[in-house]
Amino acid sequence: MKKLAYLVILTLCCSILPGLALADSDLAYDLGSRAATVAMDLLKFEPGDENILALTNAGHALIKGETTERALSGITNVTGLQNGNGNLFQVNRPNWKPLWFYFYNKKTGLAVYMEVDATTNSIKGEERKALDADKVFSQISLMMVDLDKMLARPDDANVTFNKKKFSGNEFSLIGLSNVWAKGASYDFMNAAAFHDHLCPGVTSGYMIIKYMEKNLPITNASETYIDIGSPNWCKEDAFQMIWDSTPGKNSEFVMALSAEDEAALKAKYGTRPAGIIIRWNDGAKKGTGIALGFDFDKVSDETRVTNWTGPSWAPKLVEDIGMMPMVDKTEDYITTLKEFPVDEANLTKLKTAGNNPYKVLGML
Ligand SMILES: [Zn+2]
């Protein structure tokens, strides 16, 4: 009944407001609202249900050379889900990948994935609206994605992964929905959505952010964090999204560290080297740096994924969930290997190609 009333209001609005009426005739909007309608039917929810999360690559994906952000409005207008309420996120994907929609109901643990069938894109308005959902979407999968339930019935979950029920997006979408259900913060979800998926590497970046903000906080407007990302891993994407430390603005320099050098540092300091973060004052042209260590062995032990013998799709997801409370006790996993003053001369040395930053610091 509520759904019907909502649709009546929506229809009235569309006929009164020319802007919305025009919008209703566009392709991406139609696809978003259609996906939302299918999801409400399959996952059994009404607009405004707080158990629902929507994820999509709308806005990143192109259809016939056009961007697809109008699909977000379609989802919001039908379901009430929106980014400002922390229940609709755009997941980063290359623009050549097909447009997809994913809805998750944390109350039941079920999720539906829909991928747009490219052939429907050339069918015009009314004719397209009359198409059955399985013609609009080349894939519609309704699967159990609650991690505890998946682990209890691994054979069913094996099908989800082995048959690529979410077109290869299984790990990404299942990880994001499970941490969201467990109360992940907005900035954490945003960082993972920018990274394309959630993984222990992104969480380690989020933990490093919390560690730095406690141990070397930004104290005035001239300061910024500069990341010397060596060795680099998924953590770098969290720094970009949350600190706005980006390569393009000279606040992130990423370089691989050889396996031998990484092993040598681990042997010397007893933990995995996790890069160097500098709090830099651009007015004073000086700062303070910290070379960090991150104890992934301890994380794996405590989340019980060391020597994992269960299903192969599970350990990273188990670790994702198990790491969530670690964000509040970063000192147990992160170590300051070396703290040092930074001036323009040694900043240049640390970030310049051909230099190993750990040798510049005398750590190797
Ligand atoms: Zn990752």
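Residues numbered from 1 in each chain as written. Predicted model: local features only at pLDDT ≥ 70, side-chain atom pairs only at ≥ 80, totals over all residues. Heavy atoms only, no water.

Looking at an unreviewed UniProt entry, one finds the protein named Formylmethanofuran dehydrogenase subunit E domain-containing protein, with Methanospirillum lacunae as its source organism.

(A) Layout of the packing of aromatic side chains. Under the counting rule described, the total for this entry stands at 11 aromatic pairs. With centroids separated by 5.0 Å and ring planes inclined at 75°, the aromatic side chains of Phe188 and Tyr206 adopt a geometry described as edge-to-face. Highlighted residues: Phe188 in helix H10 (residues 186-195) and Tyr206 in helix H11 (residues 200-215), separated in sequence by 18 residues. Like Tyr206, Phe188 is buried. Here a set of aromatic residues connected by ring pairs shows up, and it is made of Trp100, Tyr102, Tyr113 and Phe166. (Phe/Tyr/Trp six-rings, centres within 6.5 Å; stacked < 30°, edge-to-face > 60°. Helix = DSSP H or I, 4+ residues; strand = E, 2+ residues; numbered from the N terminus. Buried < 20%, exposed > 50% of the residue type's maximum accessible area, 1.4 Å probe, protein only.)

(B) Looking closely at unusual backbone geometry. Residue Pro231 is reached from Ser230 by a cis peptide bond, and omega for that bond is 0°. Phi angles above zero are rare outside glycine, and Lys164 is one such case at about 45°. Relative to the helices and strands, Lys164 is located in the loop between helix H8 (154-162) and helix H9 (170-181). We note that Asn250 has phi near 60°; this positive angle belongs to a residue other than glycine. Within the secondary structure, Asn250 is located in the loop between helix H12 (235-243) and strand E9 (252-254).

(C) Main features of the sheet that holds strand E11 (residues 286-294). Strand order in this open sheet of five strands is E9-E8-E10-E11-E12, and the pairing throughout is mixed. With partners counted over all chains shown, the strands left at the sheet margins are E9 and strand E12 (334-343), one partner each. The mean inter-strand angle of the sheet, taken between neighbouring strand axes irrespective of direction, is 20°. Sheet topology note: the strand E8 (residues 223-229)/E9 ladder contains three bridges and is parallel. Within E9, the residue paired with Asp227 across the bridge is Glu252. (Pairing = 2+ DSSP bridges. Axes fitted to C-alpha atoms, helices over the stretch in contact; angles between N-to-C directions.)

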